[in-house]
Amino acid sequence: MEIILKKSIEGLGSPGDVLNVADGYARNYLLPKQLAVHATERNRKFLEHQKRVIDQQESKDREHAREIAAQIVDVTCHLTRRAGENDRLFGSVTPADIVESLQTAANIEIDRRYIELSEPIRELGAFTVTVKLHTDVTTELRVVVEREES
């Protein structure tokens, strides 16, 4: 039976793939769980339309991410934190802190999940943080953590 996948299935394919599978597999598993649809002419045309819509949206998202990346390149986020001896922070600087600082410094709003930190910042100094705005668009943000005056 010829089907069009609606969702990604490990070992079978990704959404939009037109596949030939066993009749029982399609009737008993893929179609009832709405993981696939019959490969009729109507469904193929609908799939092509959906692909065009998704591609247009993806293009808009990529362009928007590039605009934000161009703004972020020129920004340096300054954070003040309490620190003990050896410049170790009491606590840490997290992606949420960086996003909040970016909002106040340059009026740029991004999701905290775009900030890629391998581990939270736990000391004073200047750091370069990777910001992944889109699958194709990444940029770097300079973050300076300074001692808070008591």
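Basis of the calculations
- Residues numbered from 1 in each chain as written.
- Predicted model: local features only at pLDDT ≥ 70, side-chain atom pairs only at ≥ 80, totals over all residues.
- Heavy atoms only, no water.
- Helix = DSSP H or I, 4+ residues; strand = E, 2+ residues; numbered from the N terminus.
- Buried < 20%, exposed > 50% of the residue type's maximum accessible area, 1.4 Å probe, protein only.
- Contact = heavy atoms within 4.5 Å.
- Lys, Arg positive; Asp, Glu negative; His and termini not counted.
- Charge placed at Lys NZ, Arg CZ, Asp CG, Glu CD.
- Expected span 1.5 Å × (residues − 1).
- Salt bridge = Lys/Arg side-chain N within 4 Å of Asp/Glu carboxyl O.
- 1 Å grid on protein atoms, 1.4 Å probe; cavity = no way out; pocket = protein on both sides within 12 Å on 5 of 7 lines; lining within 4 Å.
- Points joined across faces, edges and corners; volume = space filled by probe spheres on them.
- Nonpolar A, V, L, I, M, F, W, Y, C, P; charged D, E, K, R; others polar.
- Pairing = 2+ DSSP bridges.
- Axes fitted to C-alpha atoms, helices over the stretch in contact; angles between N-to-C directions.

Chemist: I tried to follow the overall build of the protein on my own but got confused; where do I start?
Modeler: The secondary structure content of the protein amounts to 3 helices and 9 strands. Going residue by residue from the N terminus, the α and β elements of the protein occur as β-β-α-β-α-β-β-α-β-β-β-β. Its C-alpha atoms put the protein at 70 × 30 × 15 Å along the principal axes. Relative to its 150 residues, the protein shows a buried fraction of 30%. Within the protein, counting contacts between residues at least 6 apart in sequence, those at least 24 apart form 49% of the total. Each charge class in the protein was averaged separately, 21 positive and 26 negative side chains, and the resulting centres sit 9 Å apart.

Chemist: Quick question: what am I supposed to make of helix α3 (residues 95-106) here?
Modeler: The periodicity of an α-helix, 3.6 residues per turn, causes residues three or four places apart in sequence to face the same way. Helix length check: α3 (12 residues) gives 16 Å between terminal C-alpha atoms against 16 Å at 1.5 Å per residue, within 8%. Along α3, the residues classified as buried are D97, I98, V99, S101 and L102.

Chemist: What's the story with the pattern of salt bridges in this structure? I'm lost.
Modeler: A side chain of one charge can pair with a side chain of the opposite charge if their charged atoms are brought near each other. Evaluated as defined, the whole model comprises 7 salt bridges. R88 is the salt-bridge partner of E123, the closest N and O atoms lying 3.8 Å from each other. Within this pair, whereas E123 is found in strand β7 (residues 121-123), its partner R88 is found in strand β5 (residues 88-93), the two being separated by 35 residues in sequence.

Chemist: Would you mind showing me how to read the layout of surface pockets here?
Modeler: One simple way to see leftover space: roll a probe sized like a water molecule over the atoms. In this model, the largest pocket occupies a volume close to 280 Å³. Surrounding the largest pocket, I4, L5, K6, P15, G16, V37, N43, F46, L47, Q50, K51 and I54 form its lining. Those elements giving two or more residues to the lining of the largest pocket turn out to be β1 (2-5) and α2 (41-72). It is α2 that provides the largest number of residues to the lining of the largest pocket, a total of 6 residues. For the lining of the largest pocket, the per-class residue count stands at 7 nonpolar, 3 polar and 2 charged.

Chemist: Teacher, can you tell me more about the sheet that holds strand β9 (residues 138-147) here?
Modeler: To summarise the sheet geometry, strands pair through backbone hydrogen bonds and adopt either a parallel or an antiparallel arrangement. Strand order in this open sheet of 4 strands is β4-β9-β8-β6, and the pairing throughout is mixed. In the strand order of this sheet, the two ends are held by β4 (76-81) and β6 (115-116), each with one partner. Bridging between β4 and β9 involves 6 bridges; their strand directions are parallel. Bridge pairing in β9 places R81 opposite R147. The strands touched by α3 are β4, β6, β8 (125-132) and β9; relative to β4, the strand with the most contacts, the crossing angle is about 120°.

Chemist: What is the right way to read unusual backbone geometry from this model?
Modeler: The phi dihedral of N86 is positive, around 60°, even though this residue is not glycine. With a phi angle near 60°, D87 is a residue other than glycine that sits in the positive phi range. Here D87 shows up in the loop between β4 and β5.

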